[in-house]
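Survey of secondary and tertiary structure
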Amino acid sequence: MSLPQPSLSAEEYKQHLQTARELLHAYLPMSEEQWEVFKQGFKIRKYKKDDFILNEGDTEKYLSIVLIGSTRHYLMVKGEERSFDFSFQHEFSCSYSSFIQQEPSQFCIQAMEESVLASLPYRFLEHLYEQYPESNYFGRTAVEQYYLWREKREISLMVDSARERYVRLLEKYPIYLEQVPLKYLASYLNIQPESLSRIRKKLLEES
């Protein structure tokens, strides 16, 4: 279940907002006037390790960017957790289908470590799109990134070996993967933890 979020000082909140603005600049350069409107909708959310950001069956209310920490997305299959995505620092984190359709999510999002998210509510974004049509680019970019990733992952699961998938993940996230527990990584790669341990050992021997 979701727990009360740790509080943030006014200075921390201000710093996190500034970080969010810097990250957003790549997608949506804004004037000071536009930012003053935009930042009113932001909610800075802080979570402890293992806190649930979104529960299965809840409707996703926010489009978020991970400012600090990391999250994992997983669903329950026959009573077993299946991790299928991670969001690391400065990446989007959201149940996109739930967010877009405003319907219950089919999976959970959980903090893998102490994490801070900059989140924009669905209704605020809808209002923003009407007020500033150019801001549509921001929401569209987030969704496009997700569906591009999804297509690549689905193809990779069909044509690549577990070793190839792991190496590709290592190349993309050389530092962050150290923070992900073995069982979550194995689940993401669709293999058993023992198989991942053997792959890691073999790569180490070859290095």
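Quick note: structure is the one above.
Note that the structure is predicted; figures quoted are calculated from it, not measured.

To continue, consider the packing of helix α6 (residues 162–172) against helix α8 (residues 193–206). Contact geometry of α6 with α8 gives a least axis separation of 10 Å together with a crossing angle of 65°. Looking at the two axes, α6 sits roughly perpendicular to α8. Taken as a pair, α6 and α8 cross one another with a handedness that is right-handed. On α8, the residues touching Ala-162, Arg-163, Tyr-166, Val-167 and Leu-170 of α6 are Leu-196, Ile-199, Arg-200, Lys-202, Leu-203 and Glu-206. Among the residues making up the contact of α6 with α8, the classes are represented as seven nonpolar, no polar and four charged.

Now for the packing of aromatic side chains. Within a pair of aromatic rings, the relevant descriptors are the distance that separates the centres and the angle that separates the planes. Here the structure, examined in full by the defined rule, presents eleven aromatic pairs. Relative to Phe-42, the ring of Phe-38 lies with its centre 5.8 Å away and its plane at 55°, an arrangement referred to as tilted. A relative accessible area of 6% places Phe-42 in the buried class. Aromatic pair Tyr-173 and Tyr-176: ring centres 6.4 Å apart, planes at 45°, arrangement tilted. For Tyr-176, a relative accessible area of 24% gives the class partly exposed. One aromatic cluster is present, built from ring pairs that chain together Phe-86, Phe-88, Tyr-173, Tyr-176 and Tyr-188. Positioned above the aromatic ring of Tyr-74, the side-chain terminus of Arg-72 is 4.0 Å from the ring centre. It is Arg-72 that lies over the ring of Tyr-184; its NZ or CZ is 3.8 Å from the centre.

Here the focus is the sheet that holds strand β8 (residues 115–121). Spatial strand order, β1-β8-β3-β6: four strands in an open sheet with antiparallel pairing. Whereas interior strands pair on both sides, the edge strands pair on one side only; in this sheet they are β1 (43–47) and β6 (92–93). The pairing of strand β3 (residues 62–68) with β8 spans six bridges and is classified as antiparallel. Bridging from a neighbouring strand, Ile-68 pairs with Val-116 of β8. Relative to the sheet, helix α1 (residues 10–24) contacts β1, β3 and β8, its axis offset from that of β3 by approximately 105°.

Attention now goes to the pattern of salt bridges. Pairs can form between side chains of opposite charge once their charged atoms are near each other. What the rule picks out here adds up to seven salt bridges. Salt-bridge contacts for Glu-32 lead to Arg-21; the nearest nitrogen and oxygen are separated by 3.1 Å. Taken together, the residues Glu-32 in helix α2 (residues 32–41) and Arg-21 in helix α1 connect sequence positions eleven residues apart.

This part takes up the packing of α2 against helix α4 (residues 122–131). One way to put it is that α2 packs onto α4 with a least axis distance of 10 Å and a crossing angle of 160°. Viewed along their axes, α2 and α4 adopt a mutual orientation that is roughly antiparallel. In the crossing of α2 with α4, the sense of the turn from one axis to the other is right-handed. Of the residues in α4, those in contact with Val-37, Phe-38, Gln-40 and Gly-41 of α2 are Phe-124, Leu-128 and Gln-131. The class makeup of the residues in the contact of α2 with α4 is four nonpolar, three polar and no charged.

Turning our attention to a nonpolar patch on the surface. Together, Ile-155, Met-158 and Val-159 line one region of the surface with nonpolar side chains, adding up to about 340 Å² of accessible area. For Val-159, the location among the structural elements is in helix α5 (residues 136–159). Overall, the relative accessible area of 59% leaves Val-159 in the exposed class.

Cut-offs applied
- Residues numbered from 1 in each chain as written.
- Predicted model: local features only at pLDDT ≥ 70, side-chain atom pairs only at ≥ 80, totals over all residues.
- Heavy atoms only, no water.
- Axes fitted to C-alpha atoms, helices over the stretch in contact; angles between N-to-C directions.
- Helix = DSSP H or I, 4+ residues; strand = E, 2+ residues; numbered from the N terminus.
- Parallel < 35°, antiparallel > 145°, perpendicular 65-115°, else oblique.
- Left-handed = near helix turned anticlockwise from the far one by under 90°.
- Contact = heavy atoms within 4.5 Å.
- Nonpolar A, V, L, I, M, F, W, Y, C, P; charged D, E, K, R; others polar.
- Phe/Tyr/Trp six-rings, centres within 6.5 Å; stacked < 30°, edge-to-face > 60°.
- Buried < 20%, exposed > 50% of the residue type's maximum accessible area, 1.4 Å probe, protein only.
- Lys NZ or Arg CZ within 6 Å of the ring centre and 35° of its normal.
- Pairing = 2+ DSSP bridges.
- Salt bridge = Lys/Arg side-chain N within 4 Å of Asp/Glu carboxyl O.
- Patch = residues over 30% accessible without salt bridge, like charges linked within 9 Å, V, L, I, M, F, W, Y side chains within 5 Å.
- Areas by Shrake-Rupley, 256 points an atom, 1.4 Å probe, with all protein chains shown as cover.

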